[in-house]
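Coordinates in review
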Amino acid sequence: VQLVESGGGLVQAGGSLRLSCAASGRTFSSYTMGWFRQAPGKEREFVAAVTWSGGSTSYADSVKGRFTISRDNAENTVYLQLNGLKPEDTAVYYCAAGPSLSWYPSPFPSGYNYWGQGTQVTVSS
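Calculation rules
- Residues numbered from 1 in each chain as written.
- Predicted model: local features only at pLDDT ≥ 70, side-chain atom pairs only at ≥ 80, totals over all residues.
- Heavy atoms only, no water.
- Helix = DSSP H or I, 4+ residues; strand = E, 2+ residues; numbered from the N terminus.
- Buried < 20%, exposed > 50% of the residue type's maximum accessible area, 1.4 Å probe, protein only.
- Contact = heavy atoms within 4.5 Å.
- Disulfide = S-S within 2.5 Å.

Right, let's talk about unusual backbone geometry for a bit. Residue Asn-76 is not a glycine yet carries a positive backbone phi of 55 degrees. Structurally, Asn-76 can be placed in the loop between strand E7 (67–72) and strand E8 (77–82).

As structure tokens, this is what we get:
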């Protein structure tokens, strides 16, 4: 599976962005999909994830109520809608794909086998 993120950019605090992750391969619909982010000098952290069917999602506490993950299996794409952006959301955002082992999508990087190259999100104050 190859993953390509897009949609990052520079936005003012309070603004919105929509990230997309396009996946290659016919088995996209069988994977749990996740979004992670990494800010300079910090560890990669979990943002959101969605199961293969879209029936279950999970979010980091820091983004709950502001970010929304969704997927379109017909288009082999997963999305992350970012609303109410804050300067602390500035990071490189990575898309990841992993096996669907549970009804609850994993928040751990070890649960994902494939990673995109990342897209930069910068939020100015």
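Picking up after the structure, the text goes on.
Right, let's get into the environment of Leu-80. Structurally, Leu-80 can be placed in strand E8. Residue classification places Leu-80 among the buried positions, given a relative accessible area of 0%. Linking Leu-80 and Gly-9, residues 71 residues apart in sequence, is a C-alpha distance of 14 Å. With near-sequence residues (within four places) excluded, Leu-80 lies in contact with Leu-17, Arg-18, Leu-19, Trp-35, Val-47, Ala-48, Phe-67, Thr-68, Ile-69 and Tyr-93.

Considering all chains together, one arrives at one disulfide under this definition. Across the disulfide, Cys-21 is cross-linked to Cys-95 (sulfur-sulfur distance 2.1 Å). Residues Cys-21 and Cys-95 share a disulfide whose torsion about the S-S bond is about -80 degrees; that sign makes it left-handed. Here Cys-21 is found in strand E3 (residues 17–23), whereas its partner Cys-95 is found in strand E9 (residues 91–99), with 74 residues between them in sequence. For the pair Cys-21 and Cys-95, a shared accessibility class is recorded, and that class is buried.

None of the figures reported here should be taken as evidence of function without further support.
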